[in-house]
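This is what each chain is made of:
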Amino acid sequence: MRQRLVVGNWKMHTTLSEALILATSLRNSISEVGGVRVVLCPPFPWIVPVAEILTHRPSHLKLGAQDAYYKEEGAVTGAVSAAMLRGIVDYVIVGHSERRRIFKESSTLVNEKVHAVIKQGMTAILAVGELTRVHHQEKRHHGRPTRTEARSDITTQLEEGLEGISKKEVGQIAIAYEPVWAVGTGQAADGVYANHIAELIRKWLTRRFGASLAGEIPILYGGSVTSENVEEFSGQPELDGVLAGGSSLKAKEFTALCHAFAR
Ligand code: PEP
């Protein structure tokens, strides 16, 4: 049975004290949610203090990082390597659209990061999503590109992001389908559309790794998920969880997302 995952991406939010309060309150509320793995991704400087405050956390509550650099060490000012995160977090988000857009991350770099995260024994949550937001928003109803257009963007990102990943590494991969037009906009995709794209992703993974291994890779949806719309996604057969930004900063809200995916 595929792992269900709910990931909270705190982005560049929270002070240290806010982060500790949020983590403490989630430790308590998540203890009661079964059948789903919950991953908190605080900003880099708060990861260790959050880990300390979560020392006695339930085993299904994990820590993650929002990014990791692929080189193990060296003259790379401002970067945090996957090697440094080893033993502190279990998951790393790689290729988030904000990294691709703001930091101009290339697909080659994203691929190198995926390899580094896996090499260090963690799971890479590879974010993919159609890139054509402005063009399509001008032209199309609600800014949603057609499925065919979305498919070609996503296929390219999967091919490039997972290049060189072997079958034995598949257990260390999760895919987050995050249409760029839905991230942080308050305009979530509808569940049927997100499920359809997840099916396309699963088909691609099946061609690449075979049905049995592909069937084990969690596929998440991300983009303006809230407690109000989460049932749209938790009710879809191909979606194994969600990656939430804004909603992960409020304990009650985020706990509601976790409950929606609890078995
Ligand atoms: C994200 O950070 O990946 C995200 C989906 O953000 P939001 O939930 O705020 O749209």
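Whatever comes next refers back to the structure up there.
Everything in this summary refers to the structure shown in the same document.

Thresholds, definitions, all that
- Residues numbered from 1 in each chain as written.
- Predicted model: local features only at pLDDT ≥ 70, side-chain atom pairs only at ≥ 80, totals over all residues.
- Heavy atoms only, no water.
- Buried < 20%, exposed > 50% of the residue type's maximum accessible area, 1.4 Å probe, protein only.
- Helix = DSSP H or I, 4+ residues; strand = E, 2+ residues; numbered from the N terminus.
- Arc of directions from axis to C-beta.
- Contact = heavy atoms within 4.5 Å.
- Axes fitted to C-alpha atoms, helices over the stretch in contact; angles between N-to-C directions.
- Left-handed = near helix turned anticlockwise from the far one by under 90°.
- Nonpolar A, V, L, I, M, F, W, Y, C, P; charged D, E, K, R; others polar.
- Salt bridge = Lys/Arg side-chain N within 4 Å of Asp/Glu carboxyl O.
- Polar contact = N/O pair within 3.5 Å; in protein donor to acceptor, adjacent residues only side chain to side chain.
- Pairing = 2+ DSSP bridges.
- Right-handed = clockwise from strand over helix to strand, strands pointing away.

Among the residues of helix 2 (residues 44-53), Trp46, Ile47, Val50 and Ala51 are the ones counted as buried. All buried residues of helix 2 lie within an arc of 140° about the axis, which places them on one face of the element. Of the exposed residues in helix 2, those oriented more than 90 degrees away from the buried face are Pro45 and Glu52. The elements touched by buried residues of helix 2 are helix 1 (16-30), strand 3 (61-65) and helix 3 (82-85).

What follows is about the packing of helix 1 against helix 11 (residues 251-261). What describes two packed helices is the angle between their axes and the distance between those same axes. Orientation of helix 1 relative to helix 11, taken along the N-to-C sense of each, is 35°, at an axis distance of 10 Å. Considering the relative orientation of helix 1 and helix 11, their crossing is right-handed. Along its contact with helix 1, which presents Leu22, Ser25, Leu26, Ser29 and Ile30, the element helix 11 presents Ala251, Phe254, Thr255 and Cys258. Each residue belonging to the contact of helix 1 with helix 11 can be placed in one class, and the counts come to 6 nonpolar, 3 polar and no charged.

Moving on: helix 11. Among the 11 residues that make up helix 11, 8 are buried, leaving the element largely enclosed by the rest of the structure. Every buried residue of helix 11 is accounted for by Ala251, Glu253, Phe254, Thr255, Leu257, Cys258, Ala260 and Phe261. Residues of helix 11 that are buried make contact with strand 1 (5-9), helix 1, strand 2 (37-41), helix 10 (230-234) and strand 8 (241-244).

Tallying each qualifying case throughout the model produces 9 salt bridges. Put simply, lysine 113 and glutamate 105 hold a salt bridge, and the shortest N to O gap is 2.6 Å. Side by side, lysine 113 and glutamate 105 carry an identical accessibility label, which is buried. What you see here is one network of salt bridges that share partners, running through Arg2, Arg202, Glu238 and Asp240.

Glancing now at the side chain of histidine 96. If you trace the backbone, histidine 96 turns up in the loop between strand 4 (91-94) and helix 4 (97-102). Residue histidine 96 is classed as buried on the basis of its relative accessible area of 5%. Looking at histidine 96, its side chain comes within polar contact range of the side chain of glutamate 178, at 3.3 Å. Residues contacting histidine 96, with those up to four places away along its chain left out, are Asn9, Lys11, Ala127, Glu178 and Val183.

Along strand 2, 4 of the 5 residues are buried, which leaves the element largely enclosed by surrounding structure. With 5 bridges joining them, strand 1 and strand 2 adopt parallel strand pairing. Its bridge partner being in strand 2, glycine 8 is matched across the sheet by leucine 40. After leaving strand 1, the chain enters helix 1 and then returns to the sheet as strand 2, a path that is right-handed. In the classification by handedness, the crossover that spans strand 2, the intervening helix 2 and the parallel strand 3 is right-handed.

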